[in-house]
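Listed below are the residues making up each chain.
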Amino acid sequence: VQTNAYTFGSALDNLLTDPTIIDTTGLSVEDHALLHPMRRAIDKNPIYTALFKYADRQAVFTESHLPIDIDGRPMTVPAKCKFDWWHPKLNFGGDLKTTESRTEEAFISAAKWFDYDQQAAWYMDVTGSDRFVIIACSKWNFNVFVISYKRGDDSYKSGKVKYLRDSASWWKLYGHTAA
């Protein structure tokens, strides 16, 4: 029996960012057994260790009127993002992920499939930061993968195109205010 990916990812996320709220309800016995080995693998990653040491966990940012430009038309949309970790002195943060990928190449492909570039661009624009980092751990071999997105790089640009497309759809349905 395999657990729903969201349930499993949330359990590992909580174990790493706030163990007082971990909820293992709905986890299969097999997936429950993976949590601590995956945590140990992530804890050994030097990038994770360096970034998490002084980071705020589960940091939420909101912007009631995020200015965006859709087809040359300035407008605003309400925005919210929740980082698994936010490093205030470095002014950037990131997200933790679990993955079925066994190799870095496979994880990069999965990140494209799941539009992590869109998440990265949105989070950077909501916070005004210039970087977003994803740290992921494989359920199969406990390999840890790191993807760093930077404002202005090709991934950021493609992610922004995606979130602007989605924002335009939202705006057409619900409207908001002109910038």
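Below is a short write-up of the structure.

The rules behind these values
Residues numbered from 1 in each chain as written. Predicted model: local features only at pLDDT ≥ 70, side-chain atom pairs only at ≥ 80, totals over all residues. Heavy atoms only, no water. Helix = DSSP H or I, 4+ residues; strand = E, 2+ residues; numbered from the N terminus. Rg over C-alpha atoms; globule rule 2.2 N^0.38 Å. Buried < 20%, exposed > 50% of the residue type's maximum accessible area, 1.4 Å probe, protein only. Contact = heavy atoms within 4.5 Å. Areas by Shrake-Rupley, 256 points an atom, 1.4 Å probe, with all protein chains shown as cover. Phe/Tyr/Trp six-rings, centres within 6.5 Å; stacked < 30°, edge-to-face > 60°. Lys NZ or Arg CZ within 6 Å of the ring centre and 35° of its normal. Salt bridge = Lys/Arg side-chain N within 4 Å of Asp/Glu carboxyl O. Expected span 1.5 Å × (residues − 1). Polar contact = N/O pair within 3.5 Å; in protein donor to acceptor, adjacent residues only side chain to side chain.

Glancing now at the overall build of the protein chain. In terms of regular secondary structure, the protein chain is built from six helices and six strands. Each helix (α) and strand (β) of the protein chain, taken in turn from the N terminus, gives the series α-α-α-β-β-β-α-α-β-β-α-β. Scaling as 2.2 N^0.38, a compact globule of 179 residues should have a C-alpha radius of gyration of about 16 Å, and the protein chain matches this with 17 Å. Across its three principal directions, the C-alpha atoms of the protein chain cover 50 × 35 × 35 Å. Across the 179 residues of the protein chain, 45% fall into the buried class. Considering only residue pairs separated by 6 or more positions, the protein chain has 65% of its internal contacts joining residues 24 or more positions apart. For the protein chain, the computed accessible surface area is about 9900 Å², with 55% contributed by carbon and sulfur atoms.

Moving on, we come to unusual backbone geometry. Residue Asp-71 is not a glycine yet carries a positive backbone phi of 55°. Within the secondary structure layout, Asp-71 lies in the loop between β1 (56-70) and β2 (73-87). Overall, Asp-71 belongs to the exposed group, its relative accessible area being 80%.

On to the packing of aromatic side chains. The tally for this structure, following the rule as stated, stands at 15 aromatic pairs. Taking the centre distance of 6.0 Å and the plane angle of 50° together, the rings of Phe-52 and Trp-85 count as tilted. Taken together, the residues span a long stretch of sequence, with Phe-52 in helix α3 (residues 46-52) and Trp-85 in strand β2 at a distance of 33 residues. Pairing Phe-83 with Tyr-123 gives two aromatic rings, centres 4.9 Å apart and planes at 70°, and the pair type is edge-to-face. Remark: Tyr-123 occurs in helix α5 (residues 116-127) and Phe-83 occurs in strand β2; sequence separation between them is 40 residues. Accessibility assignment for this pair places Phe-83 and Tyr-123 in one class, buried. Site record: aromatic cluster; members linked through ring pairs are Phe-61, Phe-83, Trp-86, Tyr-123, Phe-132 and Tyr-149. Arg-102 extends its terminal NZ or CZ atom over the ring of Trp-140, reaching a point 4.5 Å from the ring centre.

Per the counting criterion, the structure on display carries ten salt bridges. With a shortest N-O distance of 2.8 Å, Lys-97 and Asp-95 are connected by a salt bridge. Like Lys-97, the residue Asp-95 is buried in the burial classification. One network of salt bridges, in which partners are shared, links Asp-125, Asp-130, Arg-151 and Lys-160.

Before going further, it helps to examine the side chain of Ser-28. By the secondary structure assignment, Ser-28 is in the loop between α1 (5-17) and α2 (29-44). For Ser-28, a relative accessible area of 7% corresponds to the buried category.

Another point: α1. The first and last C-alpha atoms of α1 sit 18 Å apart over 13 residues, in line with the 18 Å expected at 1.5 Å per residue. Of the positions making up α1, those classed as buried are Phe-8, Gly-9, Ala-11, Leu-12, Asp-13, Asn-14, Leu-15, Leu-16 and Thr-17. Next to the buried residues of α1 lie α2, α3, β1, β2 and β3 (92-99). Among the residues of α1, the N-terminal cap falls to Asn-4, whose side-chain oxygen and the backbone nitrogen of Tyr-6 are separated by 2.7 Å.

Scope: geometric values only; no functional claims are made or implied.
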